[in-house]
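# What the coordinates show
Take a look at the letters that make up each chain.
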Amino acid sequence: MAPVPGPIPPAALPPALHRPAPGLAVALMLCATALLAGTTLIAKALGTDALGPPLHPMQVSFGRFLFAWIAIMTVLALRRPRLTRPDLKTHAARTLCGWSGVTLMFAAAAAIPLSDAIAISFVNPVFAMLLAIPLLGERVGPWRWLAAVIAIAGAMILIRPGTSAMQAGALLALGAALALGLELIFMKRLSGREKPLQILVVNNSMGLAIAACAALWVWQTPTPAQWAGMVGIGLVMACAQGFFINALARADASFITPFSYLTLVFAALYDALLFGVIPSPLSLGGAATIIAGAALLAWRETVHRRRA
């Protein structure tokens, strides 16, 4: 799955692997969204002065990959699944995009309200659709173009270009959405070809290597509270990925992925309770517009997949 909050088009996801259990799938997805929003909350705490001197987003990203990798490798050692030969070239491209998206998203979370940062990240399937035209040769019909226009309009409401209210953090979130949209292109290429646990292992291993090299340039000694935060962000992300994959294994992607929008609700709740940030009417309007566009795009993806 994608390393940060945001809906994933059904075409990029594998079909259900177990007997359908929609109730359990929804419960698992609720856990996944609550934890995914929690990772942005921890990133905000690490990137501000809540736990000590602010850490650079690349160092926060390193913590996310390091401790998620430890958790995933522990699961791998216990389960000992049979692994196949991975498509390393596609994995490397996907991981580089994912690491870039994660780092930009963590930077955005520290600079603007969590709900705004996550809402803007929901534009990532729109970027994936646009990038699929030259990279995958896909054709885009009028409904998909309409969905793209709606979602981008919502992002512009939040970014407010050309006004004094425009914030660099919003542009960072838009950059994260672009990187994650490109990651979805490579996820489509891997979908159905490799097992989910293998994809997680390869993705997090490569991501750890990239994040470690980047963190060397900005490293500062974390406080004990910041070390705890970096451990937390990695473990919470690993658990979120586990819940997400298990939800997909028990229901069709077209049914379960719309529940990913609840990430925004949890993020707004966390921000309000812990940082006292209440979304403005303009923020709510922009988020609702983005979700409308992303939901329309997801619906058309589902229709297209059923006809294929």
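First, a word on what this report is: a plain description of the structure on this page.

What counts, and at which threshold
- Sequence order sets the numbering: in each chain, residues are counted from 1 along the sequence as written.
- In keeping with the model being predicted, local features are shown solely for residues with a pLDDT of at least 70 and side-chain atom pairs are shown and tallied solely at 80 or more, while totals for entire chains, interfaces and linings include all residues.
- Heavy atoms throughout the structure, all of them, feed into the side-chain values; hydrogens and water do not.
- Interaxial angles span 0 to 180 degrees and are taken between N-to-C directions of axes, which are lines fitted to C-alpha atoms, for helices over the stretch in contact.
- Helix and strand definitions follow DSSP, with helices as H or I runs of at least four residues and strands as E runs of at least two, each counted in order from the N terminus.
- Crossings are classed by handedness, with left-handed meaning an anticlockwise turn of the near helix from the far one by less than a right angle and right-handed meaning a clockwise turn.
- Only heavy atoms enter the contact rule, under which two residues are in contact if any of them lie within 4.5 Å.
- For this scheme, ten residues count as nonpolar: Ala, Val, Leu, Ile, Met, Phe, Trp, Tyr, Cys and Pro. Four count as charged, namely Asp, Glu, Lys and Arg, and the remainder, Gly too, count as polar.
- Here, nonpolar core means buried Ala, Val, Leu, Ile, Met, Phe, Trp, Tyr and Cys residues that are tied together by side-chain atoms lying within 4.5 Å of each other.
- Buried means the residue's accessible area, taken with a 1.4 Å probe over protein chains only, is under 20% of the maximum for its type, while exposed means over 50%, and partly exposed covers the values in between.
- When a carboxyl oxygen of Asp or Glu lies within 4 Å of a side-chain nitrogen of Lys or Arg, that pair is called a salt bridge.

## Remarks on the packing of helix α3 (residues 88-111) against helix α4 (residues 114-121)
At a closest axis distance of 7 Å, the pairing of α3 and α4 adopts a crossing angle of 150°. Classified by chirality, the crossing of α4 by α3 is right-handed. In this structure, α3 contributes Met-105, Ala-108 and Ala-109 to the contact, and α4 contributes Leu-114, Ala-117, Ile-118 and Ser-121. In terms of residue class, the contact of α3 with α4 is built from 6 nonpolar, 1 polar and no charged.

## Examining the nonpolar core
With 38 residues, the main nonpolar core has Val-123 and Ile-290 as its most contacted residues. Those elements that provide at least two residues to this core are α1 (22-47), α3, α4, α5 (124-136), α6 (142-159), α7 (168-190), α11 (262-275) and α12 (281-307). Counting residues in hydrophobic clusters, the runner-up holds 18 residues, among them Phe-62, Phe-67, Ala-214 and Ile-233.

## Observations concerning the pattern of salt bridges
Counted under the stated rule, the structure contains 2 salt bridges. Asp-271 is paired through a salt bridge with Lys-44; the nearest N and O atoms lie 2.9 Å apart. With Asp-271 in helix α11 and Lys-44 in helix α1, this pair connects stretches of sequence that are 227 residues apart. As far as the burial class goes, Asp-271 and Lys-44 line up, both buried. One salt bridge in this structure joins Arg-94 and Glu-183, with 2.8 Å as the shortest N-O distance. You can see Arg-94 sitting in helix α3 and its partner Glu-183 sitting in helix α7, a full 89 residues away along the chain. Comparing Arg-94 with Glu-183, the two get one shared label, buried.

Purely spatial values, then, with no claim about function.
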